[in-house]
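# Geometric and topological summary
Below are the chains, spelled out letter by letter.
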Number of protein chains: 2
Amino acid sequence: MNQRMYELGSKRSVIRELFEFGKQRAREVGAENVYDFSLGNPSVNPPQVVEDTLISLLQTENPTELHGYTSAQGDYSVRKAIADYIHAAHGVPSDPDYIYMTCGAAASLTITLSAICNAGDEVITFRPYFTEYKVFAETAGAKLTALPSDPETFQIDIDVLEKAIGERTAAVLINSPNNPSGVVYGEETIQKLAELLREKSRAFKKTIYLVTDEPYRELVYGTVKVPYLTKYYRDTVVCYSYSKSLSLPGERIGYIFVNPSADRAKELYLSVCGAGRALGYVCAPSLFQKLIARCQGISSDISVYEGNRDLLAGALREYGFECVQPDGAFYLFVKAPEKDADAFCERAKKYNLLLVSGDGFGCEGYVRIAYCVSRDMIRRSLPAFRKLAEECGL
Amino acid sequence: MNQRMYELGSKRSVIRELFEFGKQRAREVGAENVYDFSLGNPSVNPPQVVEDTLISLLQTENPTELHGYTSAQGDYSVRKAIADYIHAAHGVPSDPDYIYMTCGAAASLTITLSAICNAGDEVITFRPYFTEYKVFAETAGAKLTALPSDPETFQIDIDVLEKAIGERTAAVLINSPNNPSGVVYGEETIQKLAELLREKSRAFKKTIYLVTDEPYRELVYGTVKVPYLTKYYRDTVVCYSYSKSLSLPGERIGYIFVNPSADRAKELYLSVCGAGRALGYVCAPSLFQKLIARCQGISSDISVYEGNRDLLAGALREYGFECVQPDGAFYLFVKAPEKDADAFCERAKKYNLLLVSGDGFGCEGYVRIAYCVSRDMIRRSLPAFRKLAEECGL
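Residues numbered from 1 in each chain as written. Chains lettered and ligands numbered in written order. Predicted model: local features only at pLDDT ≥ 70, side-chain atom pairs only at ≥ 80, totals over all residues.

## Topic: the overall build of chain A
Cut-off, in case you're wondering: The secondary structure listing takes helices from DSSP runs of H or I that are at least 4 residues long and strands from runs of E that are at least 2 residues long, numbered from the N terminus. Each residue is classed by its C-beta neighbour count within 10 Å, where at least 20 other C-beta atoms makes it buried, 12 or fewer makes it exposed, and intermediate counts make it partly exposed; the C-beta atoms are placed from backbone geometry. Any two residues are considered in contact once their C-beta atoms, placed from the backbone, lie within 7 Å.
In terms of regular secondary structure, chain A is built from 14 helices and 12 strands. Burial analysis of chain A (394 residues in total) assigns 53% to the buried set. Residue pairs in contact within chain A that sit at least 24 positions apart in sequence constitute 74% of those at least 6 positions apart.

Given below as structure tokens:
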């Protein structure tokens, strides 16, 4: 039996543990008195057009075609709709023959890194980062290096990156809006990042690819803009998922977009196709591919999350907690008022508050609070947060 | 860029080439005069209950739950329904906690082999075999060894297997009903196979797992029975897919069932969970999981394929072709009347007959004819087959 796979399967995740704890507490004190902020599962319904389109496809399309194999890279008309949308929405060149439909973001990233990396390569990302990045990089035979970010803003620290890039750096992986910090990388950051990657690519006489994990692209608040990366850096691969924007996380639908003008773009795209094949993906689920083609530019009602953020961040600050203002995604990354974030999460459990320690995201002394929950639960949880703050002497 | 992935992505498959050729010929001579027997894409509609259940789920279930993440191994109620069905249909012990929902058969096999194998291990299968097995084994770090079968019946040659099993043999992979031969392994074959694997496991002081790829289990004709493997060999992992039985190949839904009494079954199951995670699978598509729970024991109208088989096999024999009678699946594996099967396929193209050379399935001198097509197309194709036979001097 394979030891790596056994370890990946048997280490119960912190979030899973919290889930089980929450279920038990719900039995003891009632579900309405347990405040689970641990899961990044959208709480807003998919837009009505999603259900309507699914039903219409089922009622009107030929079933063997609707549910049949699509080509491995995805149905052409679906890729065409996405390419057209990318061009229209972001004003960048796009091409259906550089889009590869996937079973969601985890598949997009595993396939992309497997296409880019060789054994012994390095993938660089920034703390805090989504825990599974390590798994994705290691499947690709690479090592994940997670660099510290600016401790005040969680923006990329370009000087730190400058020193870290080496000849085995195959890719830099970014996630903006970020899970777990909610931070969005602004245009200036992206410009500096692109300039540095160009410089290092020249210096090492190779191409360092920029891989951008974008499940939260649509989840931004106020006037915040998320720069479209192919505009700034040629050698970019966009990994997108509809899990969060259309509230379809269980359906596993997303795509990889290789910038058509990237270095050896055609070979990279073919390597993406090969990696998908090697990892056992035959095609992305066909019904949801066809749905996606009809839902370009549509999102769930994001304003609900913005209201949640304002209510919760406002209250927590009032109680004395510190956190960076999240511009996007649906997480608050809050400074734990004691050094040991795990101990703080244990303390929170006494008040039936289920928070995730930031240690797993590579950032000690923080907790992640997912606010993709009902407004009502947030309101009910506030007295518990207040008591927790008092116990911590805030 | 990764060389293995590039090669897997850039080698155009024979079937893909045929598909393009067929499209071109259709433009030249009319689609009704091109006879494409190359694809294993079900031609029978999914049963009506599939469409009805999907619509009912969409109309009645809470959308955020319906489309939300399930646990990584699959929704519990879905796994329970499958475990209950396995027990009821096959009279074997079963358990939802040993079932892992997957994105179809290719995912099931890649995950299972990755869970079982270590670098340098060997997976044994039997010719003819589904081409992608080599890719799945190599992703798991193993080498695929494809042994010749009995040349008359395409049953397993136990003596050949006996000599081939070595200390690096981690798994034996079988596929019955077989793609491309349509052959079903009878109870006697399975008993001999199980006995040999027990003996070799003892001799090498290790467990040799039996992995069974069963997308065609439900597609058998007449009174033929497909033995359920866990009854005969304890250390069995069943890889199942609903692609063919419910005509849902594009939706990517299947499962892995680790026999609960297998050696270190719990560890193996956890390794399966870990391999799924490592390969980028988060959960199987949630809507189709929930569909599956309500469609246990239901199949598309298989009698259509049986009628196709009888019509086509009968006619081809009448014209002088030789083939083993297929008891299941929807393929005829026909002896090419000339030594070079590729040359024969080229010859067939002159008559607008699109057949797949058996060389890719590890069996030289044969062609695969997929009869999951419309009855009408088979009828229209018969004069072309007759002319082809005449040209070959049959």
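## Quick notes on the nonpolar core
Here is the rule we go by: Working definition: the nonpolar core is a set of buried Ala, Val, Leu, Ile, Met, Phe, Trp, Tyr and Cys residues, joined through C-beta atoms within 7 Å.
Counting residues in each nonpolar core, the largest one holds 256 residues, and the members touching the most others are A:A171, A:Y371, B:A171 and B:Y371. Among residues more than four places away in sequence, those in contact with B:A171 are B:L113, B:I116, B:C117, B:V123, B:I208, B:Y209 and B:V211.

## Quick word on helix 11 (residues 286–293) of chain B
Residue and element names in this part refer to chain B. Taking burial as the measure, the eight residues of helix 11 include seven buried ones, the bulk of the element. When helix 11 is considered as a whole, its buried residues turn out to be S286, L287, F288, Q289, K290, L291 and I292. Among the structural elements, helix 3 (48–60), helix 4 (63–66), helix 5 (76–90) and strand 2 (99–102) are those in contact with the buried residues of helix 11.

## Some thoughts on the pairing of strand 2 (residues 99–102) of chain A
Residue and element names in this part refer to chain A. Note the threshold: For two strands to count as paired, DSSP must find a minimum of two bridges between them.
Here strand 2 shows no split at all, with I99 and M101 on one side and Y100 and T102 on the other all buried. Of the pairings in the sheet, the one linking strand 2 to strand 8 (residues 254–258) comprises four bridges and is antiparallel in character. Within strand 8, the residue paired with I99 across the bridge is F257.

## Details of helix 5 of chain B
Residues and elements named next belong to chain B. This is how it is decided: Multiply 1.5 Å by the residue count of a helix minus one, and that product is the helix's expected span.
Taking 1.5 Å of rise per residue, 15 residues should cover 21 Å, and helix 5 covers 21 Å from first to last C-alpha, within 8% of that figure. All buried positions along helix 5 are accounted for by V78, R79, A81, I82, A83 and I86. Tucked into the core, helix 5 has its buried residues touching strand 2, strand 8 (254–258) and helix 11. Residue G91 follows helix 5 closely and has a positive phi angle near 65°.

## Notes on the domain arrangement of chain A
Residue and element names in this part refer to chain A. As a reminder, the rule being used: These domain boundaries are the output of an automatic or database domain assignment.
Domain annotation for chain A reports domain 1 (3–47 + 300–391) and domain 2 (49–293). The C-alpha centroid of domain 2 is placed 27 Å from the C-alpha centroid of domain 1. Contact with domain 1, which involves 28 residues of that partner, is made by 31 residues of domain 2. Within the residue set of the side of domain 1 that touches domain 2, elements represented by two or more residues are helix 12 (303–319) and strand 9 (331–335).

## Quick look at the sheet that holds strand 7 (residues 236–241) of chain B
Residues and elements named next belong to chain B. Test applied: The angle between two axes is taken between their N-to-C directions and runs from 0 to 180 degrees, where each axis is a line fitted to C-alpha atoms and a helix contributes only its stretch in contact.
Strands sit in the order 2-8-7-6-5-3-4 across an open sheet of seven strands; the sheet is mixed. Strand pairing shows two members of the sheet lacking a second neighbour, strand 2 and strand 4 (143–147), which therefore form its edges. Mean inter-strand twist for the sheet, computed between neighbouring axes without regard to direction, equals 20°. Of the pairings in the sheet, the one linking strand 3 (residues 122–126) to strand 5 (residues 169–174) comprises three bridges and is parallel in character. Across the sheet, the residue bridging to I124 is V172, located in strand 5.

## Notes on the interface of chain A and chain B
Operational definition: For this classification, the nonpolar set comprises Ala, Val, Leu, Ile, Met, Phe, Trp, Tyr, Cys and Pro, the charged set comprises Asp, Glu, Lys and Arg, and every other residue, Gly included, is treated as polar.
Facing the 62 residues of chain A at the interface are 62 residues of chain B. Mapped by element, the contributors of at least two residues to the side of chain A that touches chain B are helix 1 (3–10), helix 3 (48–60), helix 4 (63–66), helix 6 (105–116), helix 7 (133–139), helix 10 (265–278) and helix 11 (286–293) of chain A. Residue composition of the side of chain A that touches chain B, by class: 34 nonpolar, 21 polar and seven charged.

## Quick word on the packing of helix 3 of chain B against helix 11 of chain B
All names here are of chain B. Our working definition: Convention used here: angles under 35 degrees read as roughly parallel, angles over 145 as roughly antiparallel, angles from 65 to 115 as roughly perpendicular, and any remaining angle as oblique. Each helix crossing is assigned a hand: it is left-handed if the near helix lies turned anticlockwise from the far helix by less than a right angle, otherwise right-handed if that turn is clockwise.
Packing of helix 3 against helix 11 leaves a shortest axis separation of 10 Å and a crossing angle of 120°. Accordingly, the angle class assigned to the pair helix 3 and helix 11 is oblique. Crossing geometry of helix 3 relative to helix 11 is assigned as right-handed. Packed against helix 3, whose contacting residues are V50, T53, L54 and L57, the element helix 11 presents L287, K290 and L291 at the interface. Class assignment for the residues of the contact of helix 3 with helix 11 results in five nonpolar, one polar and one charged.

## Considering the relation of the copies chain A and chain B
To keep things clear, this is the line we draw: The copies were overlaid with a least-squares fit restricted to C-alpha atoms from residues scoring a pLDDT of at least 70 in each copy.
With an RMSD of 0.0 Å, the fit of chain A onto chain B corresponds to turning through 180° and sliding 0.0 Å along the axis. As the rotation angle and translation indicate, the two copies are arranged about a two-fold axis. A symmetric contact is evident, with 100% of the interface residues of chain A recurring at the interface of chain B.

## Comments concerning the packing of helix 6 of chain A against helix 10 of chain A
All names here are of chain A. One can describe the packing of helix 6 onto helix 10 by two numbers: an axis separation of 8 Å at closest approach and a directional angle of 120°. One element, helix 6, and the other, helix 10, form an angle in the oblique class. Our pair here, helix 6 against helix 10, has a crossing hand that is right-handed. Packed against helix 6, whose contacting residues are I111, T112, S114 and A115, the element helix 10 presents L268, S271, V272, G274, A275, G276 and A278 at the interface. Its residues assigned to classes, the contact of helix 6 with helix 10 comprises six nonpolar, five polar and no charged.

## A look at unusual backbone geometry
Geometrically, the link from A:R127 to A:P128 is a cis peptide bond, its omega value of -10° lying close to zero. Examined against the element boundaries, A:P128 turns out to sit in the loop between strand 3 (122–126) and helix 7. Cis rather than trans, the peptide bond between B:S176 and B:P177 has omega equal to -5°. In this fold, B:P177 is placed in the loop between strand 5 and helix 9 (187–203). Even without a glycine there, the phi angle at B:R264 is positive, about 50°. The class of B:R264 is partly exposed, set by 14 C-beta atoms lying within 10 Å. One non-glycine residue with positive phi stands out, namely B:A329, at about 55°. Note on placement: B:A329 falls in the loop between helix 12 (303–318) and strand 9 (331–335).

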